[in-house]
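Each chain, written out:
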Amino acid sequence: MVEARRRTSPQAVTLEDEIHILRNRMEKMFLQEKSFTSDIVIEISRLLDLKINEFMKKRGQK
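So, here is what we can say about the structure in this document.

Across its full length, the protein chain holds three helices and zero strands. Counted over contacts in the protein chain with a minimum sequence separation of 6, partners at least 24 positions apart contribute 44%.

Further remarks concern the nonpolar core. If you look at the biggest cluster of nonpolar residues, it comprises nine residues: Leu 15, Ile 19, Leu 22, Met 26, Met 29, Val 41, Ile 44, Leu 48 and Phe 55. Broken down by secondary-structure element, the contributors of at least two residues to this core are helix 2 (10-33) and helix 3 (39-61). Here the element with the most residues in this core is helix 2; it accounts for five residues. Excluding residues within four positions of it along the chain, Leu 22 makes contact with Ile 44, Leu 47, Leu 48 and Lys 51.

Moving on, we get to the environment of Lys 58. Tracing the backbone through its elements, the reader meets Lys 58 in helix 3. Lys 58 gets classed as partly exposed once you look at its relative accessible area, which sits at 34%. Put simply, Lys 58 and Leu 15 are 43 residues apart on the chain and 9.9 Å apart in space, counted from C-alpha to C-alpha.

Let us look at the pattern of salt bridges. Close approach of charged atoms allows side chains with opposite charge to pair. Taken as a whole and assessed by the stated rule, the structure comprises four salt bridges. Between Glu 27 and Arg 23 there is a salt bridge whose closest N-O contact spans 3.0 Å. Here the residue Glu 27 and the residue Arg 23 both occupy positions in helix 2, the gap between them amounting to four residues, near one helical turn. For Lys 51, the salt bridge is made with Glu 54, and the minimal N-O distance between the two is 3.8 Å. A residue pair is termed a helical-turn pair when its members lie 3 or 4 positions apart in one helix, as Lys 51 and Glu 54 do in helix 3 at three residues. Residues joined by salt bridges that share partners form a network here, namely Glu 18, Lys 51, Glu 54 and Lys 58.

Turning our attention to the packing of aromatic side chains. How two aromatic rings sit relative to each other is set out by the distance from centre to centre and by the angle between their planes. Going through the model one piece at a time under the given rule, you end up with one aromatic pair. Ring plane angle 15 degrees and centroid distance 4.2 Å describe the contact between Phe 30 and Phe 36, whose orientation is recorded as stacked.

Calculation notes
- Residues numbered from 1 in each chain as written.
- Predicted model: local features only at pLDDT ≥ 70, side-chain atom pairs only at ≥ 80, totals over all residues.
- Heavy atoms only, no water.
- Helix = DSSP H or I, 4+ residues; strand = E, 2+ residues; numbered from the N terminus.
- Contact = heavy atoms within 4.5 Å.
- Core = buried A, V, L, I, M, F, W, Y, C linked by side-chain atoms within 4.5 Å.
- Buried < 20%, exposed > 50% of the residue type's maximum accessible area, 1.4 Å probe, protein only.
- Salt bridge = Lys/Arg side-chain N within 4 Å of Asp/Glu carboxyl O.
- Phe/Tyr/Trp six-rings, centres within 6.5 Å; stacked < 30°, edge-to-face > 60°.

Encoded structure:
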């Protein structure tokens, strides 16, 4: 399924990959820090928000 999308829209897959990577990183940092309010978890969360917003904007343009 990912291969089919990659052929049609390589930028969307890259952005999706970034979102998944950031989410995984945020989850790992939360487990390490044991806090949703630690600086690093908040920073990753903000980056994730930006990427999700970017994804939604691109998706709405189609």
